[in-house]
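# Chains, contacts and geometry: an overview
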Amino acid sequence: MRANEGNRRVRTWRRSVGLVAAMALALSVIGGGTAYAGTPAGWVAGFGTDSGATPQPGSGASTTAVSAGKTVGFFEWLRNDGPSNISQLFVNVTSKPTASVAGAQWTIKDNGTGGVVRSGICPTVTPLVCSLGALNDGQTAYLVAAFTVASNVADGATEAITFNWNTTGVPPGKNKSHGDALSWLDSAAVTNNGDAAGDFNFGDPNGLTVADNQKLTGKNQQATSATVVSTLTGAAVGDSPTLSIPCTDGVPAGFQCSSLTSLVSTVEVGNGKIFSNPNGGGTPGIKVIVSFAQAPNQLTGANPFAYHYYFDSTGAPQVELITQICQYSGGFPTNIGPCLTVGNKQVTVWLTHNGGMRF
């Protein structure tokens with residue numbers, strides 16, 4: 001039998017940088033998919049890296065937005081809830097507009113123990129076709145697939161990816177497939193302007209740096225970049241006069257919101273995961289550099305700070321005032337928790353998680 005998977009709440013695009021900000025501050029609002037009637041018995045598809053997580057993410061995209069010409073990753077899974085084993089599982093993947101395959105890998109895990117049954121790497125061929133072997137009752141197949149978006153894709157477009165899980169290696173349609181199949185849709189927005197940028201690191205051990213327009217002018221007053229040493233990780237940044245973050249609940253006693261004079265810089269890394277640097281022990285692992293045409297006065301004063309607004313692992317909004325000056329060892333901070341280093345019309349802030357910042 002066959003089933004089609006639709007995306008009930010396909011993400012809309014208002015402004016590319018605004019969408020990056022929305023993801024940086026609330027990662028759970030992305031639209032997802034739901035299997036239609038006729039799905040093969042026991043086949044359950046979803047997004048992310050844990051088929052048993054509650055709640056489930058609404059998308060498997062590595063970032064909400066990806067720059068035209070850059071790479072976006074997708075984390076998808078198919079769980080076999082039985083009662084039958086799947087003797088041979090394939091996934092055929094197509095993109096619209098066409099994006100080239102940058103890499104893909106898969107892992108099959110036991111649902112009960114979480115142990116890895118086996119894993120493999122897919123051929124780097126466009127369109128992507130990957131053979132995963134058997135998927136028994138009580139197992140989940142996890143796929144990470146990376147695609148490089150064409151450089152001429154327009155700002156505000158959507159890169160749509162269809163994952164067709166099937167038992168023949170041939171996607172359904174035009175009477176080509178006679179086995180079971182389930183199609184699953186995911187997507188990411190495309191940015192092609194200087195105010196926002198997104199990319200994905202499939203396997204470079206040196207990590208990933210993503211940056212928006214770094215040329216400061218009267219029209220581009222602020223620039224943001226983010227670096228993280230991690231593979232299979234996406235990152236996105238943005239800054240624009242149109243962005244805002246709350247400055248009310250949770251503000252430290254005595255703090256004046258009027259002291260914030262910069263634009264908002266948003267940072268989205270690794271779907272909200274916590275990142276520590278090689279020093280370990282809670283030392284921050286996300287390096288953010290914010291440059292200014294004219295630096296805020298407080299950064300050149302005796303007590304520089306960064307105002308950071310983010311959502312914790314429970315989805316609750318949090319505020320922190322980053323005042324620690326970074327102490328370094330081997331190029332990484334040794335501070336426990338976020339810290340900053342002030343330069344000439346520039347500030348480097350080390351974070352452990354996503355969020356929006358002002359100065």
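Since the structure is predicted, the reported quantities are computational estimates derived from the model, not experimental observations. (Residues numbered from 1 in each chain as written. Predicted model: local features only at pLDDT ≥ 70, side-chain atom pairs only at ≥ 80, totals over all residues. Heavy atoms only, no water.)

### Topic: the overall build of the chain
The number of helices and strands found in the chain is one helix and 26 strands. Carbon and sulfur atoms form 51% of the exposed surface of the chain, whose accessible area is close to 15400 Å². (Helix = DSSP H or I, 4+ residues; strand = E, 2+ residues; numbered from the N terminus. Areas by Shrake-Rupley, 256 points an atom, 1.4 Å probe, with all protein chains shown as cover.)

### Topic: the packing of aromatic side chains
This model, assessed by the stated rule, comprises nine aromatic pairs. Ring geometry for tyrosine 309 versus phenylalanine 311: centroids 5.8 Å apart, planes at 85°, classification edge-to-face. A cation over a ring is seen here: lysine 109 above tyrosine 142, with NZ or CZ 5.5 Å from the ring centre. (Phe/Tyr/Trp six-rings, centres within 6.5 Å; stacked < 30°, edge-to-face > 60°. Lys NZ or Arg CZ within 6 Å of the ring centre and 35° of its normal.)

### Things to note about the sheet that holds strand S6 (residues 71–80)
Strand order in the open sheet formed by five strands is S4-S6-S11-S8-S9, and the pairing between neighbours is antiparallel. What marks the edges here is a single partner per strand, and that holds for strand S4 (43–47) and strand S9 (116–121). Strand-to-strand, the axes of this sheet are offset by a mean angle of 15°, without reference to chain direction. For S6 and strand S11 (residues 139–148), the ladder comprises 10 bridges, and the chain directions are antiparallel. (Pairing = 2+ DSSP bridges. Axes fitted to C-alpha atoms, helices over the stretch in contact; angles between N-to-C directions.)

### Let's talk about the pairing of strand S16 (residues 222–228)
Across the seven residues of S16, six count as buried, placing the element largely inside the fold. The pairing of strand S15 (residues 208–211) with S16 spans four bridges and is antiparallel. Bridge pairing in S16 links alanine 211 to serine 225. Bridge count for S16 against strand S19 (residues 286–292) is seven bridges, and the pairing is antiparallel. In the strand pairing of S19, serine 225 is matched with isoleucine 289. (Buried < 20%, exposed > 50% of the residue type's maximum accessible area, 1.4 Å probe, protein only.)

### A look at the confidence of the model for the chain
When pLDDT drops low, the exact placement of atoms in the prediction is not to be read closely. Put simply, the chain has an average pLDDT of 88, and 87% of its residues get 70 or more. Confidence drops under a pLDDT of 50 for residues 1–32, and excluding neighbours within four residues, the segment shows 111 contacts in the predicted structure. (pLDDT = per-residue confidence, 0-100. Contact = heavy atoms within 4.5 Å.)

### A few points about the sheet that holds strand S20 (residues 306–311)
Judged by pairing direction, the sheet is antiparallel, and its six strands sit side by side in the order S14-S17-S18-S26-S20-S21 without closing on themselves. Because the sheet does not close on itself, it has two edges, and the strands there are strand S14 (196–201) and strand S21 (317–322). When the angles between neighbouring strand axes are averaged without regard to direction, this sheet yields 15°. Inspection of the sheet shows S20 paired to S21 by six bridges, in the antiparallel sense. Along S21, the bridge assignment pairs tyrosine 310 with glutamine 318.

### Observations regarding unusual backbone geometry
Threonine 54 connects to proline 55 through a cis peptide bond whose omega is -5°. Within the fold, proline 55 resides in the loop between S4 and strand S5 (65–67). Here glycine 82 and proline 83 are connected by a cis peptide whose omega angle stands at 10°. Positioned with a positive phi, asparagine 271 is a non-glycine residue whose angle comes to about 55°. Mapped onto the elements, asparagine 271 comes out in the loop between strand S18 (264–269) and S19.

### Thoughts on the nonpolar core
Grouped together as the largest cluster of nonpolar side chains are 36 residues, with contacts concentrated most on Leu89, Leu132, Phe163 and Trp165. Those elements that place two or more of their residues in this core are S4, S6, strand S7 (86–96), strand S8 (100–110), strand S10 (128–135), S11, strand S12 (158–166) and strand S13 (181–191). The residues contacting leucine 132, other than those within four sequence positions of it, are Gln88, Leu89, Phe90, Val91, Trp106, Ile108, Arg118, Ala141 and Trp165. Counting residues in each nonpolar core, the second largest holds 24 residues, with Ala197, Ala226, Val288 and Ala295 among its members. (Core = buried A, V, L, I, M, F, W, Y, C linked by side-chain atoms within 4.5 Å.)

### Quick look at the environment of asparagine 279
Within the secondary structure, asparagine 279 is located in the loop between S18 and S19. Of note is the side chain of asparagine 279, whose polar atom sits 2.9 Å from the backbone oxygen of proline 333. (Polar contact = N/O pair within 3.5 Å; in protein donor to acceptor, adjacent residues only side chain to side chain.)

### Points about the pattern of salt bridges
Charged atoms that come close allow side chains of opposite charge to pair. The final tally for this structure, using the stated rule, is one salt bridge. A salt bridge links arginine 79 to aspartate 81; its shortest N-O distance comes to 2.8 Å. What makes arginine 79 buried here is its relative accessible area of 18%. Looking at aspartate 81, the relative accessible area reads 41%, which means it is partly exposed. (Salt bridge = Lys/Arg side-chain N within 4 Å of Asp/Glu carboxyl O.)

### Here we look at the environment of asparagine 85
Looking at where asparagine 85 falls in the secondary structure, it is placed in the loop between S6 and S7. Spatially, the C-alpha atom of asparagine 85 lies 9.3 Å from that of glycine 42, the residues being 43 residues apart in sequence. Among residues more than four places away in sequence, those in contact with asparagine 85 are Asn80, Leu135, Asn136 and Asp137. Within the structure, asparagine 85 has its side chain in polar contact with the backbone nitrogen of aspartate 137 (distance 2.8 Å).

### Some words on the pairing of S19
Of all seven residues making up S19, five are buried, and the element is well covered by its neighbours. Bridging between S19 and strand S25 (residues 346–351) involves six bridges; their strand directions are antiparallel. Within the sheet, the bridge partner assigned to serine 291 lies in S25 and is glutamine 346.

### With respect to the state of the cysteines
Enumeration over the complete set of coordinates arrives at three disulfides. Between the sulfur atoms of cysteine 122 and its disulfide partner cysteine 130 the distance amounts to 2.1 Å. On the sign convention where negative means left-handed, the S-S torsion of about -80° between cysteine 122 and cysteine 130 marks this disulfide as left-handed. For cysteine 247, the disulfide goes to cysteine 257, at an S-S distance of 2.0 Å. Because the torsion about its S-S bond is -95°, the bridge between cysteine 247 and cysteine 257 counts as left-handed. (Disulfide = S-S within 2.5 Å.)

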